Amino acid sequence: MLEGLHPNRPTHVFRITTDERSARAMTDMIGEIFDPAETAVASFETEDDGPWMLEAYFAHQPDEAAIRNLLRPIVGAEADKGVFLPLEQKDWVKSSLEGLKPVRAGRIFVHGSHDREQCLPSDIAIEIEAGLAFGTGHHGTTKGCLLAFVDELKMRTPRHVLDVGTGTGILAFAAAKVLKRPVVAGDIDPEAVRVARENARLNGIAAWMKLYVGPGIRHPEADRPGHFDLVFANILAKPLRMLASSLARVASDDGTIILSGLLYRDVPGVLSAYAHQGWYLQRRYNLEGWAALVMKRGNARALPRQ
Ligand SMILES: C[S@@+](CC[C@H](N)C(=O)[O-])C[C@H]1O[C@@H](n2cnc3c(N)ncnc32)[C@H](O)[C@@H]1O
């Protein structure tokens with residue numbers, strides 16, 4: 001699995017090696033055409049000054065001929081050299097987690113069942129069994145959100161937290177455990193919400209988790225204008241742009257929105273969508289090619305951070 005993609009239980013991958021211009025153009029086209037909940041696409045340089053590769057993961061068997069036809073105007077006959085491969089259907093997040101070390105962000109310590117003993121007494125420990133959901137803490141997007149949250153706590157203590165695209169529930173759990181308060185969290189994927197519910201039980205915070213299935217804020221618990229003083233949304237650039245007005249509406253005047261799931265090149269478009277709603281970048285975290293953005297209402301000053 002390509003580090004940095006957001007697979008929603010992918011069944012197939014399409015790979016093609018080409019030049020940078022074509023890779024970027026194909027990424028944009030696939031990103032525009034396919035449902036972001038079912039497709040994850042990224043292009044990257046395979047080595048310094050080397051060829052570029054595009055990888056697109058699909059949650060269903062894609063129509064190979066149709067995709068090649070779409071790509072031919074961009075890359076010509078190269079479209080036929082790209083390969084479609086079925087992916088082994090296994091609990092890949094869980095199996096990869098078994099070999100992974102725990103993740104730490106300040107006092108927040110995220111671990112699997114095999115690393116319980118490593119928690120310090122002062123830790124806010126979160127145990128995650130990812131199953132088929134996203135969010136073990138190892139991915140740059142999740143870690144960026146956790147680091148942003150830890151820094152946010154140095155400045156203020158949020159009271160009402162919303163986590164849109166909760167996956168395993170990891171960000172919501174961090175907020176509930178640190179703040180000792182209920183947190184509202186939703187995901188478009190019912191399987192992710194099932195996993196989050198189980199994890200909430202495992203962590204002894206089931207009573208604090210107000211979980212819902214649905215896109216964006218489409219639930220009465222989440223759709224509460226001006227209510228949330230901390231909103232997490234680690235999704236992808238396109239849905240984040242589409243959600244800008246909804247997230248801005250449910251965030252309080254003095255609230256914070258932490259956005260992630262963005263390749264560096266996606267940042268300007270997302271910032272522009274939120275600027276239209278009166279939200280500005282306060283801090284930025286760059287991890288492994290992914291950016292997490294801390295947004296504030298009003299004219300906050302940008303403070304880039306590596
Ligand atoms: C990258 S994962 C983030 C999981 C977790 N919050 C984390 O930080 O690790 C993105 C999650 O967002 C969900 N998702 C994608 N589009 C969504 C939308 N429009 N509304 C709600 N959830 C969405 C996906 O199903 C997936 O579980």
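Residues numbered from 1 in each chain as written. Predicted model: local features only at pLDDT ≥ 70, side-chain atom pairs only at ≥ 80, totals over all residues. Heavy atoms only, no water.

Asker: Before we go on, may I ask you to explain the site of the ligand in this structure?
Answerer: Near the ligand you find 18 residues, and of these Thr142, Gly165, Asp187, Gly216 and Asn234 are the closest. Interatomic distance of 2.6 Å between a side-chain N/O atom of Asp187 and an oxygen atom of the ligand. Backbone polar atom of Ile188 to a nitrogen atom of the ligand: 3.2 Å apart, as the coordinates give it. Coverage of the ligand by the protein chains reaches 93% of its 600 Å² of free accessible surface. Across the shell around the ligand, the residue classes break down as six nonpolar, ten polar and two charged. (Near = heavy atom within 4 Å. Polar contact = N/O pair within 3.5 Å; in protein donor to acceptor, adjacent residues only side chain to side chain. Areas by Shrake-Rupley, 256 points an atom, 1.4 Å probe, with all protein chains shown as cover. Nonpolar A, V, L, I, M, F, W, Y, C, P; charged D, E, K, R; others polar.)

Asker: I would appreciate a short explanation of the pattern of salt bridges in the present structure.
Answerer: Where charged atoms from two side chains of opposite charge approach closely, those side chains can pair. All chains considered together, the criterion is met by 16 salt bridges. Two residues, Asp151 and Lys154, come together in a salt bridge whose shortest N-O distance is 2.8 Å. Of this pair, Asp151 and Lys154 both sit in helix H4 (residues 140-155), three residues apart, which is roughly one turn of the helix. The buried category is assigned to Asp151, whose relative accessible area is 13%. Judged by relative accessible area, which is 65%, Lys154 ranks as exposed. Across the pair Arg283 and Glu152 runs a salt bridge whose closest N-O atoms are separated by 3.2 Å. With Arg283 in strand E13 (residues 279-287) and Glu152 in helix H4, the pair connects residues that are 131 residues apart, well separated along the chain. Residue Arg283 is classed as buried on the basis of its relative accessible area, which comes to 9%. (Salt bridge = Lys/Arg side-chain N within 4 Å of Asp/Glu carboxyl O. Helix = DSSP H or I, 4+ residues; strand = E, 2+ residues; numbered from the N terminus. Buried < 20%, exposed > 50% of the residue type's maximum accessible area, 1.4 Å probe, protein only.)

Asker: Quick question: what am I supposed to make of the UniProt feature "binding site: S-adenosyl-L-methionine" (unreviewed entry) in the chain here?
Answerer: Under the local residue numbering, the UniProt record ascribes the feature "binding site: S-adenosyl-L-methionine" (unreviewed entry) to Thr142, Gly165, Asp187 and Asn234. Using a relative accessible area of 27% as the deciding quantity, one classes Gly165 as partly exposed. Once residues lying within four places of it in the same chain are set aside, the contact partners of Gly165 are Gly186, Asp187 and Asn234. Assignment of secondary structure puts Asp187 in strand E9 (residues 183-187). According to the relative accessible area criterion, Asp187 is buried, its value standing at 9%. With residues up to four places along the chain from it excluded, the contact list for Asp187 reads Gly165, Thr166, Gly167, Ala192, Val193, Tyr212, Val213 and Gly214. From its side chain, Asp187 meets the backbone nitrogen of Asp189 in a polar contact 2.8 Å long. (UniProt positions renumbered as here; feature names shortened; annotations may be inferred. Contact = heavy atoms within 4.5 Å.)

Asker: What exactly am I supposed to notice about helix H2 (residues 64-75) here?
Answerer: The periodicity of an α-helix, 3.6 residues per turn, causes residues three or four places apart in sequence to face the same way. Over its twelve residues, H2 runs 15 Å from end to end, which matches the ideal 16 Å to within 8%, given 1.5 Å per residue. Residues of H2 that are buried: Ile67, Arg68, Leu71, Ile74 and Val75. Down the axis of H2, the sector holding all buried residues measures 110°, keeping them to one side. Among the structural elements, strand E1 (12-18), helix H1 (20-33), strand E3 (52-58) and strand E4 (83-86) are those in contact with the buried residues of H2. N-cap assignment for H2: the residue whose side-chain oxygen lies 3.3 Å from the backbone N of Ala65 is Asp63. In the segment just after H2, Gly76 is the residue with positive phi, at about 60°. (Expected span 1.5 Å × (residues − 1). Arc of directions from axis to C-beta.)

Asker: Please explain the nonpolar core as it appears in this structure.
Answerer: A general feature of soluble globular proteins is that nonpolar side chains tend to end up buried together. Ile108, Val110, Leu146, Met209 and Phe232 are the most contacted members of the largest nonpolar core, which totals 36 residues. It is helix H5 (residues 170-179) that contributes the most residues to this core, eight residues altogether. If we skip the residues at most four places from it in the chain, Phe232 touches Cys145, Phe149, Val161, Leu162, Asp163, Val164, Leu171, Ala175 and Ile258. Judged by nonpolar contacts, the second largest core, of 29 residues, contains Val164, Ala222, Val231 and Ala233. (Core = buried A, V, L, I, M, F, W, Y, C linked by side-chain atoms within 4.5 Å.)

Asker: How should I be thinking about the side chain of Asp163 in this particular structure?
Answerer: When you line up the elements, Asp163 lands in strand E8 (residues 161-164). No salt bridge is formed by the buried Asp163, whose closest oppositely charged neighbour, Arg197, lies at an N-O distance of 13 Å. Discounting residues that sit within four places of it in the chain, Asp163 has contacts with Leu171, Ala172, Val184, Ala185, Gly186 and Phe232. (Lys, Arg positive; Asp, Glu negative; His and termini not counted.)

Asker: Help me understand the pairing of strand E12 (residues 251-263), please; the structure alone is not making it clear to me.
Answerer: One face of the sheet, then the other: side chains in a regular strand alternate in exactly this way. Burial runs high along E12: eleven of the 13 residues are buried. Sheet topology note: the strand E11 (residues 228-234)/E12 ladder contains six bridges and is parallel. By the bridge assignment, Leu230 is partnered in E12 with Thr256. (Pairing = 2+ DSSP bridges.)

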